[in-house]
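Observations on the three-dimensional arrangement
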2 protein chains.
Amino acid sequence: MRTQIKDILVIPMTSEGLHFIGDIYIRDGIIEAVGSGIKAPGPVDEVVNGQGKVVIPGLVNAHTHLSMTLMRNYKDTCANLQDWLSEIFPIEDRLTEEDIYWGSMTGLAELVRSGCTSFADMYFKQWMTAQACKEAGVRGFLSLTLFGDEAETEDRLAIERLDEAIKGVDILRKDIAVHSIYTCTAGSYRLAAEWAKEHGSIVNTHLSETKKEMDDCLAQHGCLPAQWLEDTGFFDVPCYTAHGVWLQDSELDILRRHDVAVVHNPSSNCKLASGIAPVRHFMDSGLTIALGTDGASSNNNLSMLKEMRLVAMISTVSTLRVDALTPYKVLEMATLNGAKALRADDKIGTIEPGKDADLAILDMDRVNTCPVNDIFSALVFSLNEGNVSSVYVKGRKLMEDGQLLTINEAEVIRETRRCWKRLCEE
Amino acid sequence: MRTQIKDILVIPMTSEGLHFIGDIYIRDGIIEAVGSGIKAPGPVDEVVNGQGKVVIPGLVNAHTHLSMTLMRNYKDTCANLQDWLSEIFPIEDRLTEEDIYWGSMTGLAELVRSGCTSFADMYFKQWMTAQACKEAGVRGFLSLTLFGDEAETEDRLAIERLDEAIKGVDILRKDIAVHSIYTCTAGSYRLAAEWAKEHGSIVNTHLSETKKEMDDCLAQHGCLPAQWLEDTGFFDVPCYTAHGVWLQDSELDILRRHDVAVVHNPSSNCKLASGIAPVRHFMDSGLTIALGTDGASSNNNLSMLKEMRLVAMISTVSTLRVDALTPYKVLEMATLNGAKALRADDKIGTIEPGKDADLAILDMDRVNTCPVNDIFSALVFSLNEGNVSSVYVKGRKLMEDGQLLTINEAEVIRETRRCWKRLCEE
């Protein structure tokens, strides 16, 4: 099966500012050729007219808790992260497999509608999220998540169930997560690293999200969070961390030494009053900085378009430098850097031959993108979800001309509401 | 002609947190009755089913430069406001009536698509924007804008042409603007106030947008910008000002004394690295704080939905207080406070009997608003332009089920591009 996307403005994200009108050839889910004025490598089964449209690598949401869509706009005006978590945790204890499935489906629909093709998920009962991903066709990096004291039998069973759920599905991967240094022990972090080695997985955790986390770590352990984590051996396996708002320079050195990426979550950090991460400074320090939405309950969306716009806005105003983060760099955070953070840049994150065809096609013939002028500014500042026209994951079409093809939205909305109603009444 | 909007979740914005499922009766463009379980005041000609939907007062964009949509994403990575203006001003000198008309039409389409029914415009050749408003049916507060040394004959002619264009159109009003203290003289401000008195108009200006504006004023005049403006007599007529990022406490006293409102433009202030206005502090000081998009060339949208989300985000993170600005207060900035700033709260800004039927109906049956939970959080944080379903201005339906009824979008996009292409080639 060979598809040609024809006469489209290609933003390959392989080189600063590069964009050209050309064709993309996809064969059996893999990008075979990309360029301007190139010839078909062989017979074409399907031609997609890309005139007036733009294609970018599918956006990579490098940190979320997908099925927390259930708790969207729920008690979200708490004073801070800790107070809010105390509202959220009791509900999470009662989530059933069905809740996780429908919460995930709502999240997947929202991801696809905003041009996102991959997400890294830290949550529970991941085999149900895996099930939703298989049906919807969205690429998932699904973390078995340790919480509290070292792992229990339940966690071992969860690994088996997740392994079973993703077996043979090449767009799903199992990662190992530990929730945070303030909810877990050093033993949990050591065990996660061991399991990751055993399973060939990579690890992730929340890190330095709030000043309180940093202050408490200093008070309890006499060192900064990244130092404490390094001492557990957690960074001895490939790792990405979420937030990093309060990372100090000595911690940036530790992260760079272990090639640990930081996933920035601007909406969540603003909304929970955690702070503004100095993203440009992190980049200048040589770290890979990706972008994520965090859960819909602290955002309250799963739209990478909103995250791109927000990080551009707050990086500029917090540094009072218009060039703190160019639109190209922002788009790179949301594509290639996400792929790098997840150690998946051999497969995704750019549009180039050999990579999987994870693509978002954008319709710029809308009033909010008229005229386009600078294409990178248009993508970061002017776009909204209505511009997202078609979405592919490994060549499979998940959305076409604004219609979802693999998810029944009306059913998803109805079932998600039913689950949430039951949870509220319990 | 009487319309009933039935079984809809009404957010009247008349009292903190108030919302109820009920009906709205509109007669000849005016809201006749609103409530839960109320009886029709008389025979109904049209019934609109509002089940599963939400109705809010049409959003009020209290500061923009509508036809700057033409310059969207154009040279928008300049180092600061002054450098960027030096790119923009030469283009503005060449704008024809046709450019203003199509640029305005693109802007109006974008306003309606994002639930906005009123806007306050500071720009040139306003009679052409008036023409676009009449056709599109959007409520406009159109400022004749003085720029440079005192007004010239051209400005007097512009007043006449604007008066002619809005004659008998009850959704259009003429205001008088002076661009800024750094582009205009005290004479211009004095003349604007005189003209406003003569015409019964209200005035507006950019004020304290950047630190440079404040510093230069101190250096040149030995006083802060609001003090300098007060001395010109500009505040002796009803006035609203845009930005106010750098307003000092002594200036807040001046503004309060003259009942001068401040229109906050979060995207523009972030994007141009002007700074974060301490909105909550302004409110605590007793000022009316409204919300605006500024021009699309420094935003790069005209979506009040994006402004609501952004002001909530930056107010929280810049104060590190989650309660700095509740979602209700944010929605109030975008509705009632806008109406108050523009001295139009006798007609718009809330849903209550006697006011004009300027309404935005939102469809919450979409994945990004599933589930809704707290309705005010949902409106400020979760909404996107796709939720905007129907829009009314003074009872006239401008959009229904996501389709614009008064604007031909394809034509608007084509003509706007044509104008812009010509401007770039000149």
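Residues numbered from 1 in each chain as written. Chains lettered and ligands numbered in written order. Predicted model: local features only at pLDDT ≥ 70, side-chain atom pairs only at ≥ 80, totals over all residues.

We now examine the domain arrangement of chain A. Note on interface size: it is often stated as the accessible area lost on association of the parts. All names here are of chain A. When cut into domains, chain A gives domain 1 (2-58 + 350-404) and domain 2 (59-341). Each of domain 1 and domain 2 has a C-alpha centre, and these two points are 28 Å apart. Every contact between the two is made by 25 residues of domain 1 and, on the other side, 26 residues of domain 2. For the side of domain 1 that touches domain 2, the secondary structure elements donating two or more residues are β5 (53-57), α14 (375-382), β15 (388-393) and β16 (396-400). At 5 residues, α14 tops the list of elements feeding residues into the side of domain 1 that touches domain 2. Split into classes, the residues belonging to the side of domain 1 that touches domain 2 amount to 15 nonpolar, 5 polar and 5 charged. (Domains from an automatic or database assignment. Contact = placed C-beta atoms within 7 Å. Helix = DSSP H or I, 4+ residues; strand = E, 2+ residues; numbered from the N terminus. Nonpolar A, V, L, I, M, F, W, Y, C, P; charged D, E, K, R; others polar.)

All names here are of chain A. Taken together, the 8 strands give an open sheet; going across it, the order is β6-β7-β8-β9-β10-β11-β12-β13, and neighbouring strands pair in parallel fashion. Each of the sheet's edge strands pairs with one partner strand only, and the pair in question is β6 (59-64) and β13 (289-291). Pairwise comparison of adjacent strand axes, ignoring direction, gives a mean angle of 25° for this sheet. Relative to β13, strand β12 (residues 261-264) runs parallel, the two being bridged by 3 bridges. Bridge assignment links Val 263 to a residue of β13, and that residue is Ala 290. Each of β8 (139-146) and β9 (172-178) touches helix α4 (residues 153-166); the most contacted strand, β8, lies at about 170° to it. Here helix α11 (residues 304-319) sits on the sheet in contact with β6, β7 (116-123), β12 and β13, set at roughly 130° to β13. (Pairing = 2+ DSSP bridges. Axes fitted to C-alpha atoms, helices over the stretch in contact; angles between N-to-C directions.)

All names here are of chain B. Here helix α3 (residues 126-136) lies mainly inside the structure; 8 of its 11 residues are buried. Of all the residues in α3, the buried ones are Gln 126, Trp 127, Met 128, Thr 129, Ala 130, Ala 132, Cys 133 and Ala 136. Looking at the packing, one finds that the buried side of α3 touches α2 (97-113), β7 (116-123), β8 (139-146), α4 (153-166), β9 (172-178) and β16 (396-400). Of the residues one or two after α3, Gly 137 is the one with positive phi, at around 85°. (Buried ≥ 20, exposed ≤ 12 C-beta atoms within 10 Å, placed from the backbone.)

Listed per partner, the contact involves 55 residues of chain B and 55 residues of chain A. Listing elements by their share of the side of chain B that touches chain A, those giving two or more residues are α2, α9 (266-271), α11 (304-319), α14 (375-382) and α15 (409-425) of chain B. Its residues assigned to classes, the side of chain B that touches chain A shows 24 nonpolar, 19 polar and 12 charged.

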